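# Survey of secondary and tertiary structure
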Amino acid sequence: MGFYIVQFLTGLASASALFLVASGLSIIFGVTRIVNFAHGAFYMLGAYVAFTLTERLSGAFGFWGGIVLAALAVAIIGVLVEMLLLRRIYSSPELFQLLATFGLTLMVEDLVVLIWGPDDLLGRRAPGFRGAVEMFGQNVPSYDLFMIVLGPVVLGILWLLFHRTRWGILVRAATQDRDMVAALGVNQKWLFTSVFGAGVFLAALGGALQIPRDAVHHALDLRIIVEVFVVVVIGGLGSITGAFVAAVLVAELNAFGILVFPKISIILVFLVMAVVLIVRPWGLFGKPEAAARKTPGLSVRPWQPLSQNERIAFAVGVVLAALLPLIAGNYALAVGAEIAIFVIFAASLHFLMSVGGLASFGHAAYFGLGAYGVAFLAKIAGLPMIVCLALGPLLGLFGAAIFGFFAIQLSGVYFAMLTLAFAQIVWSIAFQWVPVTGGDNGILSIWPETWAAGPARFYWLSLAVAVAVVGLLRVIVFSPFGYALRGTRDSLLRSESIGIDAKRIQWTAFVIAGTAAGIGGSLFAYLKGSVFPDNIGIGLSVDALVMVLLGGVETVSGAVVGAIVFKALSIWLVSQTDWSKLILGGVIVLIVVAFPKGIVGMIETWRARSDAPSSKSAALAASQPEGAE
Amino acid sequence: MSEAPRLLFVEGLNKSYGGVHAVRNVSFSVAPGEILALIGPNGAGKTTCFNMLNGQTPADSGRVVLRGQDISGKQPREVWRLGVGRTFQITATYSSMTVRENVQVALISFQSKLFSMLNATQRFANDEADRLLGLVGMEGYAARPCGELAYGDLKRLELAIALANDPKLLLMDEPTAGMAPRERVELMRLTAQIAREKEIGVLFTEHDMDVVFEHADRIIVLNRGAIISEGSPDQVRNDPQVKAVYLGDGLVFGHAEAHA
Ligand SMILES: Nc1ncnc2c1ncn2[C@@H]1O[C@H](COP(=O)(O)OP(=O)(O)OP(=O)(O)O)[C@@H](O)[C@H]1O
Ligand SMILES: [Mg+2]
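Let me begin by describing the structure that accompanies this report. (Residues numbered from 1 in each chain as written. Chains lettered and ligands numbered in written order. Predicted model: local features only at pLDDT ≥ 70, side-chain atom pairs only at ≥ 80, totals over all residues. Heavy atoms only, no water.)

### Description of the overall build of chain A
Short version of the rule: In DSSP terms, a helix is any run of H or I states spanning at least four residues, a strand is any run of E spanning at least two, and both are numbered starting from the N terminus. Taken over C-alpha atoms, the radius of gyration is set against a globule rule of 2.2 Å times the number of residues to the power 0.38. Each residue is placed in one exposure class: buried if its accessible area under a 1.4 Å probe, protein chains only, is under 20% of its type's maximum, exposed if it is over 50%, and partly exposed if it falls in between. In this description, contact between two residues means that some pair of their heavy atoms is separated by no more than 4.5 Å. Computed by Shrake-Rupley with a 1.4 Å probe, the accessible areas treat only the displayed protein chains as cover when residues are assessed. A positive count includes Lys and Arg, and a negative count includes Asp and Glu. His and the chain ends are not counted in either. Taken as the charge location is NZ of Lys, CZ of Arg, CG of Asp or CD of Glu.
Across its full length, chain A holds 26 helices and two strands. Scaling as 2.2 N^0.38, a compact globule of 629 residues should have a C-alpha radius of gyration of about 25 Å, and chain A matches this with 25 Å. Once the C-alpha set of chain A is aligned to its principal axes, its extents read approximately 80 × 65 × 45 Å. Split into buried and exposed, the 629 residues of chain A put 55% on the buried side. The long-range fraction of contacts in chain A, counting pairs at least 24 apart against all pairs at least 6 apart in sequence, stands at 81%. When the accessible surface of chain A is totalled, it reaches about 25,300 Å², and 68% of it is carbon and sulfur. Across chain A, 36 positive and 31 negative side-chain charges occur, with their mean positions spaced 6 Å apart.

Structural data, given as structure tokens:
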């Protein structure tokens, strides 16, 4: 009995930190409508800065002062980020906001390694809370008891802040009705800045307060952000009470989940989240969110199937690519095969994101499932390669069918958070379920059979599959289904009022995209000869997003171009520098702020502009009802 | 009127938003081929009524019966499949598609080809789409990007889309807003003609009283969510209560253009 109570208390202590971070995220979202993906990075920064300060400053005052100073310092960084970056993108589509803050996260990950080194850091114990208290025959760290008290205290302080101060009342008013506050003549800029600073302060404080409990390392950000997303999805984005209740719920599920399913405790959290999403899609305390403000696609000219010339150019490109083995060496062919595989991966995400308007931040889950599917079939069932390749992607399909069903209940930022959380769950399973997946060691020696062995043959195989998948996806884009899907993106209201079951369409699209990603993953397993949890990792999901973004979200063929350019660049980059995340993050931020249309989008704009004089007559000619092709 | 066969029958609809009683105990019916105008000042509850008829908004209480079938609580897409087309006060169209493609998507849905993945939409029901566009006078716009259309043209496009499923009932929320006076008359004349030919019941809201009095067979006047008057154009025109509401609102019949 005593053991369970202590387990419960441990859960409560974790809940406090989780609550601090989640409430910060919620406050920022409530006012600015930005889901700050960099929140985990600020949490991590808080921990690192607090580590340094508490090491330098001595005594009890030094420790506690160091914690608060660290949170303040990070909050100032947050304010700078808001002023320099976020102010430029408040009116951008939410996808770009998510990506920009994600880019920041990547940069911070490399920066902390650059500053503090790659090793785990163990912080000081908190003065006055070093020992343990005996309760129910068990030892409970007294710092845990401090944290348990702290959570409700912070909740109370926040309540007072939001109900008793002018600033807090303004924030609440802005959360309810942004236009009204603007109309009252409140300086909206500074309201946003201060809110962002306050939210970051809470995140950094949460991180700083963790140092006596936990080692500081450079993967803290992703761990916390996934948990926080789960918390706000359950509690309801924008609600502080919801954040508190859900933080307790999630932390307790974690604490007891370890006892029930020691290997895959995360399943329990997932099940609860799934139930909440079905019963209350906007979380326990959340309010239904208005439809996404802006979808990609609004500013473009309607998509058109390839013209005759473009088709010829495409065919020539494929033929040239197929001739590569005549001139290229083995390394270049391996790179070529990898690029082909990533073209498949990017095209599958493009289908979901650009055509369906559903920006998945966890698309690697289905890529990785395809890879693991092949690994299971090849290693455990010992099936021939062609069968493995055909059936492996089915694991991606099943994963997409299950997670997709829940994810499409939501849209916009909720969809992004949820897909990310799902991917992280799949990753955890691959990582934790060692007997089946090999955990961190992965599954090794999955080699192609003779007919596909050797760099040239495997390259041809990858190229052929890539051409087939991209071609098929393109056909679907211009099929009735593709139009129905694009319709649900353009206007849900219109779709539902002409008999389209938007959810079924979106679910189907999710499954198609997941299966296509799985096909890429299957090939990838054979290319590398092994699978690892990294094949599901967030890094890979972000790569896919960047490929689509780089090529141009609002174009049909951008994903292909984006994948080729990105993959070639990043393979080169990794061979040149150790700080590829820093550069990649910087590139993401730069694209979002400076080149939101991507490569193909820019080419199209340029072509449209040079066509401008003749476009009028073209439109007239095309408008003649003559049933022309 | 109750002797006429009923196409749509609405009984005791209510809807509140917080403290605002947007629609109070509204009952009426529409006969096949009948053109019924639902008028009233801003905020009277017209759009809310429409939304409850096609399932967009759940009613707090009341019943909606379409051709003998109770459709209360059904989803908009189910109501559409039963033969109800609608246009929106604030137009909702697919801005990343051409005008023709907008109509094609409705036709795809109507012909249950939504999950067809290997055919080209480009070749799907082009003639039918162009015929519908022709009906509303938009044949010349078929290849235009929908995002470029003027507001009045979007309204006409919405009508073409609403006609795609061969509806029995048309719900048109301010169909002529944003159009020049001549266009208004033309569009309503066309709507009336289609309605008579195909026995389609039309329920529409409109702030332009010229349009209303010229084209409506019957008029219902809403004020603050409740029906205050109902009858032929002449009856309604001479109803002192209606006059009071409209004069109180600063609007005068025949010049009711103050609406934005
Ligand atoms: N979703 C909503 N939430 C809260 N109140 C609403 C909502 N929709 C409508 N209302 C309120 O219900 C009342 C009726 O609105 P409705 O849009 O039906 O009026 P209307 O007659 O269509 O007006 P208009 O001529 O301006 O289109 C108004 O007071 C409006 O503010
Ligand atoms: Mg209205």
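### A few points about the coordination of the magnesium ion (ligand 2)
Residues and elements named next belong to chain B. Put simply, the test is: Distances decide who is a donor: an N, O or S atom must be within 2.8 Å of the metal, or within 3.2 Å for Na, K and Ca. Water is not included, so sites may look incomplete.
At 1.9 to 2.1 Å from the magnesium ion (ligand 2) lie its protein donor atoms, namely T47 (OG1) and Q89 (OE1). Taken together, the residues span a long stretch of sequence, with T47 in helix α1 (residues 46-53) and Q89 in the loop between β6 (84-87) and α3 (99-110) at a distance of 42 residues. Residue classification places Q89 among the partly exposed residues on the basis of a relative accessible area of 28%.

### A closer look at the nonpolar core
Stated precisely, the cut-off is as follows: Side-chain atoms within 4.5 Å are what join buried Ala, Val, Leu, Ile, Met, Phe, Trp, Tyr and Cys residues into a set we call a nonpolar core.
Counting 258 residues, the largest nonpolar core has F351 and F361 of chain A together with F204 of chain B as its most contacted members. Examining the composition of this core, we find that 16 residues originate from one element, helix α14 (residues 330-355) of chain A, more than from any other. In this view, F351 of chain A contacts G356, L473, I476, V477, F481, L485, A509, I512 and A513 of chain A; residues no more than four positions away in its chain are not counted. Residues L7, V26, L203 and L222 of chain B belong to the second largest nonpolar core, which totals 25 residues.

### A closer look at the pairing of strand β3 (residues 35-39) of chain B
Residue and element names in this part refer to chain B. Our working rule: Pairing between strands requires that DSSP locate at least two bridges from one strand to the other.
A large share of β3 lies buried, amounting to five of its five residues. Going residue by residue along β3, you find I35, A37 and I39 tucked away on one face and L36 and L38 tucked away on the opposite face as well. Pairing analysis gives four bridges linking β3 to strand β8 (residues 201-205), with the strands arranged parallel. Across the sheet, residue L36 finds its bridge partner in β8, namely L203. Here four bridges tie β3 to strand β9 (residues 218-223), and the two strands are oriented parallel to one another. Residue L36 lies in a different strand from β9, and its bridge partner there is R218.

### Quick word on the side chain of E109 of chain A
In this fold, E109 of chain A is placed in helix α4 (residues 94-116). Not counting chain neighbours up to four residues away, the residues in contact with E109 of chain A comprise M44, H218, D221, L222 and K581 of chain A.

### Some remarks on the sheet that holds strand β2 (residues 20-30) of chain B
Residues and elements named next belong to chain B. To keep things clear, this is the line we draw: A fitted line through C-alpha atoms serves as each axis, taken over the contacting stretch for helices, and the angle formed by two N-to-C directions is quoted from 0 to 180°.
Taken together, the four strands give an open sheet; going across it, the order is β2-β1-β4-β5, and neighbouring strands pair in antiparallel fashion. If you trace the sheet from one side to the other, it starts and ends with β2 and β5 (69-70), each paired once. Bridge count for strand β1 (residues 8-17) against β2 is seven bridges, and the pairing is antiparallel. Its bridge partner being in β2, L13 is matched across the sheet by V26. Contacts from α1 reach β1, β2 and β4 (61-66) within the one sheet, and its direction differs from that of β1 by about 120 degrees.

### Topic: the site of ligand 1
Residue and element names in this part refer to chain B. Quick note on the threshold: In this text, near means that some heavy atom of the residue lies within 4 Å of the molecule or strand in question. In protein, a polar contact requires one atom able to donate a hydrogen and another able to accept it; more generally it is a pair of N or O atoms within 3.5 Å, and residues adjacent in sequence count only if both atoms are side-chain atoms.
Looking at ligand 1, there are 13 residues lining it, with G43, K46, T47, T48 and Q89 nearest. In this structure, K46 approaches ligand 1 through a side-chain N or O atom, which is 2.8 Å from an oxygen atom. When ligand 1 is considered free in solution it has 640 Å² of accessible area, and contact with the protein chains removes 62% of it. Looking at the shell around ligand 1, the elements that each hand over two or more residues are β2 and α1.

### Some details on unusual backbone geometry
Backbone geometry follows two general trends: most residues other than glycine have a negative phi, and most peptide bonds adopt the trans configuration. In this structure, R33 of chain A takes a positive phi of about 60 degrees despite not being glycine. Relative to the helices and strands, R33 of chain A resides in the loop between α1 (2-32) and α2 (39-56). Judged by its relative accessible area of 17%, R33 of chain A is buried. Positive phi, normally seen in glycine, also occurs at S112 of chain B, with a value near 55 degrees. On the secondary structure map, S112 of chain B appears in the loop between α3 and α4 (126-135).

### A short note on the environment of I519 of chain A
Residue and element names in this part refer to chain A. By the element assignment, I519 lies in helix α22 (residues 502-528). Judged by relative accessible area, I519 falls into the partly exposed class, the value being 26%. Each C-alpha atom of the pair I519 and L369 lies 9.6 Å from the other, and the pair is 150 residues apart in sequence. If we ignore the near neighbours within four places in the chain, the residues touching I519 are P393, V465 and V469.

### Comments concerning the environment of L540 of chain A
All names here are of chain A. Mapped onto the elements, L540 comes out in helix α23 (residues 538-551). Taking C-alpha positions, L540 is 5.7 Å from A364, a pair spaced 176 residues apart along the chain. If we ignore the near neighbours within four places in the chain, the residues touching L540 are F342, F345, A364, F367, D534 and N535.

### Focus: the interface of chain A and chain B
Just so we agree on the cut-off: By convention, the term buried area covers the 1.4 Å-probe accessible surface removed from two parts as they join, with the contributions of both added. Any carboxyl oxygen of Asp or Glu that lies within 4 Å of a side-chain nitrogen of Lys or Arg is treated as forming a salt bridge with it. Lys, Arg, Asp and Glu make up the charged group, whereas Ala, Val, Leu, Ile, Met, Phe, Trp, Tyr, Cys and Pro make up the nonpolar group; the residues left over, Gly among them, are polar.
Listed as interface residues are 36 residues of chain A and, on the opposing side, 39 residues of chain B. With both chains or domains summed, chain A and chain B bury close to 3,400 Å², and 61% of this area falls on carbon and sulfur atoms. Looking at the side of chain A facing chain B, the largest losses of area belong to P480, Y483 and R494 of chain A, adding up to 21% of the total buried there. Close ionic contact of R77 of chain B with E496 of chain A constitutes a salt bridge, the shortest N to O distance being 2.9 Å. If you look at where chain A meets chain B, you find 16 residue pairs in polar contact (both at pLDDT 80 or more). With eight residues, helix α20 (residues 480-490) of chain A is the largest single contributor of residues to the side of chain A that touches chain B. Its residues assigned to classes, the side of chain A that touches chain B shows 19 nonpolar, nine polar and eight charged.

### Some remarks on the environment of I536 of chain A
All names here are of chain A. Looking at the secondary structure, you find I536 in the loop between α22 and α23. I536 gets classed as buried once you look at its relative accessible area, which sits at 2%. Separated by 507 residues in sequence, I536 and F29 place their C-alpha atoms 28 Å apart. The contact partners of I536, leaving out residues within four places of it in the chain, are A364, A365, G368, Y372, A423, V426, W427 and A430.

### Brief notes about the packing of aromatic side chains
Each aromatic ring pair is specified by the distance between its two centres and by the angle formed by the two planes. Residue and element names in this part refer to chain A. Defined as follows: Side-chain rings of Phe, Tyr and Trp, where Trp is taken by its six-membered ring, are said to pair if the distance between their centres is within 6.5 Å; with planes under 30 degrees apart they count as stacked, over 60 as edge-to-face, and otherwise as tilted.
Following the criterion strictly, the structure yields 29 aromatic pairs over all chains and no others. With centroids separated by 5.6 Å and ring planes inclined at 70 degrees, the aromatic side chains of F3 and Y4 adopt a geometry described as edge-to-face. Given a relative accessible area of 45%, Y4 falls into the partly exposed group. Between W64 and F129, the ring centres sit 6.1 Å apart and the planes meet at 90 degrees, which makes this aromatic pair edge-to-face. Of this pair, W64 sits in helix α3 (residues 59-89) while F129 sits in the loop between α4 and β1 (132-135), and the two are 65 residues apart along the sequence.

### A short note on the side chain of T121 of chain B
If you trace the backbone, T121 of chain B turns up in the loop between α3 and α4. Taking relative accessible area as the criterion, T121 of chain B reaches 1% and is therefore assigned buried. Within the structure, the side chain of T121 of chain B is placed 2.8 Å from the backbone oxygen of F478 of chain A, a separation counted as a polar contact. If sequence neighbours within four positions are ignored, T121 of chain B has contacts with F478, S479, P480 and Y483 of chain A together with Q104 and I108 of chain B.

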